[in-house]
Amino acid sequence: MNTISEFLSYPFIQRALLASLMVGILCPFVGNFAVLRRMSFFSDAISHSAFAGIAVGALLGLDLSLSSIAVSIIIALLIAFLSEKTSLSNDTVIGIAFSGTIAAGMLIIGMLKGYKPDIFTFLFGDILAISHIDLLLLFAITILSIATLLIFSKPFLQITFNRELAKVEGVNVRLFEYLLFLIIAIVVTVSLKIIGMILVTSLLIVPAAAAKNLASSMKQLFGLSCAFGLISGLIGLMASVYLNTSSGPTIVLVSIGIFFLTLFKRRA
Amino acid sequence: MNALSVENLCVKVDNRHLIENITFSVEEGSIIAIIGPNGAGKTTLIKAILGLIPYECGSVMLFGHPFKHANSHIAVGYVPQRLEYDRTFPLTVSELLGFTVPPIYSFPFLERKKEKNLIKDLLEIVGAKELSNRNIGSLSGGELQRIMIAKALVNNPKILFLDEPASGVDIEGQERFYDLVKRLRKEKGLTVILISHDLNVVYRFADNVICMNRKLICSGKPEEALTDDVIKSVYGEMMGAYIHSCHEHD
């Protein structure tokens, strides 16, 4: 069995490690808002719309990361717009977007000729295949998203607590809600290559839910969720290398293990 | 000067009037109670005034300025009827109040002494200093209402809207709450618009009363406006007014 230092000497492992660190912090940080606002289903819909974006990109010969981000943003804003302007409930709008985008993605992929390995990277994730460009993009998104959510944490949390009160207190609810939807869409999409479309929501939701089991303040919630995400990313990645398993599912299973531990602690 | 002037306000949903041609004004520094049966449109009226729901016709003026929604020029305080929030929300009282303190942006890890002092002062005003580090999910109904008043006061509003603020709070809690409202009016010169089902509260704490059932039915001083006939027409034949002999108006 290889030693840790040997593993760390491989550039692809170094990149994977950095990616898992960033995703481990970024996803739970953003996920806290999704959990508190009960928007887990929304992040699922976004990951599925990214699938449609990947399909469109593959069909038109575009960069798959960029096409998936573009389609995810369009769908996220469409969900926000329809939820606001129609009498349909949020989950109905999300459900329509969810099934519509996956159907569109499957239809387009069926039209493609030949084997498209890139598409499967997005479906199941492959942290070991992360490139320098992917890493840079992830770094930029991590810094921008966390900085925006921290600097404007007051209005974001006011809206999360109670929309009506936030509005009366002078918060531009529409602006900050659209901004939050946008951030979630971008974060979900850039994390796809690492965790995969099927499991990306787990890394948003599970560490945040585990932290919510223990936290009694916002500071604790954000601190614990990022710590749990970080631990899941690191342990999951190392375990997947040692056990020769897929990294995405291993990271998610570690985070679910942490969730159950916090659940017992909460019950105790 | 009028703190609030409402002219011919009407709110329609699916071609049905929820409130119709409501006109009234509130003098600065007074407490006005809005009463009416369930479904009379009291909450709709307050929400329309605050810009939370659109109105079909009419106008709202706050301190002489047209008011469509909250903004930085006219700060208003609002305590809703049933605060909808997740009781498992891991949030302390200080954090909740801190969100509301301007400016809208914040830089983490910087000492915010001014914010901390303001929160301390507000908690002291509402008599809830000891609740500062408590989780909001663990507060009793009365404690939560005092915290919501503190939250409503953060932006130093000149007018407070309270929608059945003491419903679900025990008698002692209600007394403390209305005494606090009265003290705030006196000390800060606040104008208070209060929805209540409790006629006893109206007689004891309100300078004026508005009774409504989709339309305006009466307005004026409680002793004058709330005649037996008016109360019967608002609440039904089984109701009547009993005016306490010990009157607590300032």
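Throughout this description, residue numbers start from 1 for each chain and increase along the sequence as written. Ligands are numbered from 1 and chains lettered from A, in the order in which they are written. In view of the model being predicted, local features appear only for residues whose pLDDT reaches at least 70, and side-chain atom pairs are presented and counted only at 80 or more, with totals across whole chains, interfaces and linings using the full set of residues.

Runs of E in the DSSP output that reach at least two residues are strands. Runs of H or I that reach at least four are helices, and both are numbered from the N terminus. Per the secondary structure count, chain A includes 13 helices and zero strands. Ordered by position from N to C terminus, the α and β elements of chain A give α-α-α-α-α-α-α-α-α-α-α-α-α. Whereas a compact globule of 268 residues would reach a radius of gyration of roughly 18 Å, chain A reaches 18 Å, a difference of no more than 12%. With the C-alpha coordinates aligned to their principal axes, the bounding extent of chain A is approximately 60 × 50 × 30 Å. In this scheme the burial state of a residue depends on its C-beta neighbours within 10 Å: 20 or more other such atoms mean buried, 12 or fewer mean exposed, and anything in between means partly exposed; the C-beta positions come from the backbone. Taken across its 268 residues, chain A has 50% of its residues classed as buried. What the globule rule says is 2.2 Å times the number of residues to the power 0.38, and the radius of gyration is computed from C-alpha atoms.

Right, let's talk about the pairing of strand β10 (residues 215-220) of chain B for a bit. Side-chain positions along a regular strand alternate between the two faces of the sheet. Residues and elements named next belong to chain B. Any two strands with at least two DSSP-identified bridges between them are counted as paired. With five bridges connecting them, strand β9 (residues 208-213) and β10 associate as antiparallel partners. Each residue of the ladder has a partner; that of V209, found in β10, is G220. The turn joining β9 and β10, which pair antiparallel and follow one another in sequence, is formed by one residue; a positive phi near 70° is taken by R214.

This part takes up the nonpolar core. The term nonpolar core means buried Ala, Val, Leu, Ile, Met, Phe, Trp, Tyr and Cys residues held together as one set by C-beta atoms within 7 Å. With 159 residues, the main nonpolar core has V30, I79, I184 and V187 of chain A together with I193 of chain B as its most contacted residues. If one sorts the elements of this core by residue count, helix α2 (residues 11-36) of chain A sits on top with 13 residues. Composition of this core by domain shows at least three residues from each of domain 1 (1-74 + 158-250) and domain 2 (84-156) of chain B. Residue ranges assigned to the domains are those given by an automatic or database domain assignment.

Okay, the interface of chain B and chain A next. In this description, a residue-residue contact is defined by the distance between C-beta atoms placed from the backbone, which must lie within 7 Å. The interface is formed by 29 residues belonging to chain B together with 24 residues belonging to chain A. For the side of chain B that touches chain A, the secondary-structure elements that each account for two or more residues are β6 (76-79) and α2 (93-100) of chain B. The leading source of residues in the side of chain B that touches chain A is α2 of chain B, at four residues. Note on residue classes: Ala, Val, Leu, Ile, Met, Phe, Trp, Tyr, Cys and Pro are nonpolar, Asp, Glu, Lys and Arg are charged, and everything else, Gly too, is polar. Here the side of chain B that touches chain A is built from residues that sort into 17 nonpolar, nine polar and three charged.

Our focus in this paragraph is the confidence of the model for chain B. pLDDT is a per-residue confidence score from the predictor, ranging from 0 to 100. Averaged over every residue, the pLDDT of chain B is 84; the share at 70 or more is 90%. Among the prediction metrics, the complex's ipTM stands at 0.83, with pTM recorded as 0.86.

With that settled, the discussion passes to the pairing of strand β8 (residues 191-195) of chain B. Residues and elements named next belong to chain B. Of all five residues making up β8, five are buried, and the element is well covered by its neighbours. Side chains of β8 alternate between two faces, with T191, I193 and I195 and V192 and L194 buried alike. After leaving strand β7 (residues 159-163), the chain enters helix α5 (residues 171-188) and then returns to the sheet as β8, a path that is right-handed. Orienting the strands away from the viewer, one traces the path from the first strand over the helix to the second; a clockwise path indicates a right-handed crossover.

Turning our eyes to something else, we now look at the packing of helix α4 (residues 64-85) of chain A against helix α10 (residues 173-195) of chain A. Residue and element names in this part refer to chain A. One can describe the packing of α4 onto α10 by two numbers: an axis separation of 9 Å at closest approach and a directional angle of 150°. Our classification of the angle between α4 and α10 gives roughly antiparallel. Of the two elements, α4 crosses α10, and the hand of that crossing is right-handed. For the pair α4 and α10, the contacting residues are S68, I69, S72, I73, A76, L77, I79 and A80 in the first and E177, Y178, F181, L182, I184, A185, I186, V188, T189 and L192 in the second. When the residues that make up the contact of α4 with α10 are grouped by side-chain class, the tally is 14 nonpolar, three polar and one charged. Lines are fitted to the C-alpha atoms to define the axes, a helix being fitted only along its stretch in contact, and any angle between axes, read from their N-to-C directions, falls within 0 to 180 degrees. Oblique is the label for any angle not under 35 degrees, not over 145, and not in the 65 to 115 range, which are roughly parallel, roughly antiparallel and roughly perpendicular in turn. Note on convention: near helix rotated counterclockwise from far helix by under a right angle means a left-handed crossing. Clockwise means right-handed.

The subject of this paragraph is the domain arrangement of chain B. Reports of interface size often rely on the accessible area that becomes lost once the parts have come together. All names here are of chain B. Examined at the domain level, chain B breaks down into domain 1 (1-74 + 158-250) and domain 2 (84-156). Put simply, the middle of domain 1 and the middle of domain 2, counted by C-alpha atoms, are 26 Å apart. Each partner contributes residues to the interface: domain 1 has ten residues there, and domain 2 has eight residues. Looking at the side of domain 1 that touches domain 2 element by element, the count peaks at four residues for α5.

Next up on the list: unusual backbone geometry. Residues and elements named next belong to chain B. Along the chain, P102 connects to P103 via a cis peptide bond; the corresponding omega equals 0°. Its location among the elements puts P103 in the loop between α2 and α3 (113-125). Within the chain, D14 stands out as a residue other than glycine whose phi angle is a positive 50°. Positive phi is not limited to glycine here, since E164 has a value of about 40°. Within the fold, E164 resides in the loop between β7 and α5.

What follows is about the sheet that holds β8 of chain B. Residues and elements named next belong to chain B. Across the sheet, which stays open at both edges, the six strands sit in the order β6-β7-β8-β3-β9-β10 with mixed pairing between neighbours. Edge positions in the open sheet fall to β6 and β10, since each of these has one partner strand only. Taken over all neighbouring pairs, the strand axes of this sheet differ in orientation by 15° on average, direction set aside. For β7 and β8, the ladder comprises five bridges, and the chain directions are parallel. Its bridge partner lying in β8, D163 is registered against I195. Packed on one face of the sheet, helix α1 (residues 42-49) meets β3 (31-35), β7, β8 and β9 and runs near 145° to β8. On the sheet, helix α8 (residues 228-235) packs against β3, β9 and β10 and is oriented at approximately 150° with respect to β10.

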